[in-house]
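Examination of the molecular architecture
Residues per chain, in single letters:
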Amino acid sequence: MGPGVVVTGLTLGALAVVSLLAFQANGAQERAGGPHPSPSASSSSSGPTATATPSAPATPTVPALPASSGAGLRVVYSVGSHSVWLVDPKKTPQVVAAFTVTPGTVEPTPGSYPVYSRTPATTGTDGRQIEHVVRFTQQNGVVFGFSAAVDGATATADPKGKTGGIRSSRQDGQLLWDFAPNGTKVVVIA
């Protein structure tokens with residue numbers, strides 16, 4: 001292998017890393033609700049124009065953590081806004097992550113529950129492969145827990161089924177999995 005091939009490979013590798021970091025930074029900025037970059041005046045020219053690429057739908061804004069969400073280290077799930085907050089009072093800020101989720105067809109009753117079971121990967125009640133399953137209660141024969149579909153889907157659950165699976169993105173599912181071992185308090189609010 002000649003020196004030109006090594007340099008080209010290193011250049012391509014560096015470009016890939018820079019592209020990945022830019023992509024991640026853009027995602028972090030969108031999650032934080034930061035401004036989106038706007039095209040500059042210098043970007044318009046009399047040359048050929050590129051076809052616009054459709055953008056992904058905007059991530060819903062997560063409301064502020066409600067005051068009635070309990071105390072201590074906890075996962076808070078709002079049935080009303082379908083939002084999740086990971087709260088650690090020893091950190092600043094105390095809300096270490098917040099994101100929206102897609103609920104199952106049945107919602108858990110508001111209250112405080114401990115995480116009682118975790119499964120790294122399995123098949124969901126909808127037949128999809130899921131990961132990072134964190135279960136916190138069972139009510140009337142329905143198991144309630146958080147999970148993420150391996151294919152990234154967060155589609156609304158089939159209303160004909162009876163499921164308590166609360167789906168998040170894979171990234172958010174990983175955050176919750178890392179945050180909530182067995183025994184972690186899950187506070188369900190209206």
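Residues numbered from 1 in each chain as written. Predicted model: local features only at pLDDT ≥ 70, side-chain atom pairs only at ≥ 80, totals over all residues. Heavy atoms only, no water.

A count of helical and extended segments in the protein gives two helices and nine strands. A burial count over the protein gives 31% of its 190 residues as buried. Nonlocal contacts in the protein, meaning residues at least 24 apart in sequence, comprise 51% of its contacts between residues at least 6 apart. Entry remark: accessible area of the protein is about 11,600 Å², with carbon and sulfur atoms responsible for 60%. (Helix = DSSP H or I, 4+ residues; strand = E, 2+ residues; numbered from the N terminus. Buried < 20%, exposed > 50% of the residue type's maximum accessible area, 1.4 Å probe, protein only. Contact = heavy atoms within 4.5 Å. Areas by Shrake-Rupley, 256 points an atom, 1.4 Å probe, with all protein chains shown as cover.)

The buried fraction of strand β6 (residues 129-139) is high, at nine of eleven residues. When strand β5 (residues 117-123) meets β6, the two strands line up antiparallel, connected through six bridges. Residue pairing across strands places Thr122 opposite Ile130, the latter belonging to β6. If you look at the hairpin formed by β5 and β6, you'll find five residues sitting between the two strands, and Gly127 has a positive phi there, around 90°. (Pairing = 2+ DSSP bridges.)

All right, on to the pattern of salt bridges then. Taken as a whole and assessed by the stated rule, the structure comprises four salt bridges. Across the pair Arg167 and Asp126 runs a salt bridge, and its minimum N-O distance is 3.0 Å. Taken together, the residues Arg167 in strand β8 (residues 164-168) and Asp126 in the loop between β5 and β6 connect sequence positions 41 residues apart. Overall, the relative accessible area of 11% leaves Arg167 in the buried class. Here Asp151 and Arg128 are joined by a salt bridge, their closest N and O atoms 2.5 Å apart. One end of the pair, Asp151, is in the loop between β7 (142-149) and β8; the other, Arg128, is in the loop between β5 and β6, with 23 residues separating them in the sequence. Look at Asp151 and you get exposed, because its relative accessible area is 53%. Taken together, the shared-partner salt bridges in this structure form one network comprising Asp126, Arg128, Asp151 and Arg167. (Salt bridge = Lys/Arg side-chain N within 4 Å of Asp/Glu carboxyl O.)

This paragraph deals with the environment of Ala121. Positionally, Ala121 belongs in strand β5. For Ala121, a relative accessible area of 54% puts it in the exposed group. Each C-alpha atom of the pair Ala121 and Val133 lies 7.0 Å from the other, and the pair is twelve residues apart in sequence. Setting aside anything within four residues of it in sequence, one finds Ala121 in contact with Ile130 and Glu131.

This brings us to the nonpolar core. One finds Val75, Tyr77, Val84, Leu86, Phe136, Phe146 and Leu176 to be the most contacted residues of the largest nonpolar core, which totals 22 residues. Those elements that place two or more of their residues in this core are β1 (74-78), β2 (83-87), β3 (95-100), β6, β7, α2 (170-179) and β9 (185-189). Discounting chain neighbours no more than four positions away, the residues touching Phe136 are Pro108, Tyr113, Pro114, Val115, Tyr116, Phe144, Gly145, Phe146, Ile166, Val186 and Val188. Among the nonpolar cores identified, the runner-up in size contains five residues, and Trp85, Val87, Val187 and Ile189 belong to it. (Core = buried A, V, L, I, M, F, W, Y, C linked by side-chain atoms within 4.5 Å.)

Let's shift gears to the confidence of the model for the protein. Chain-level statistics for the protein give a pLDDT mean of 79 and a share of 69% at 70 or above. Counting interchain partners and residues more than four positions distant, the pLDDT-below-50 stretch residues 4-57 has ten contacts. (pLDDT = per-residue confidence, 0-100.)

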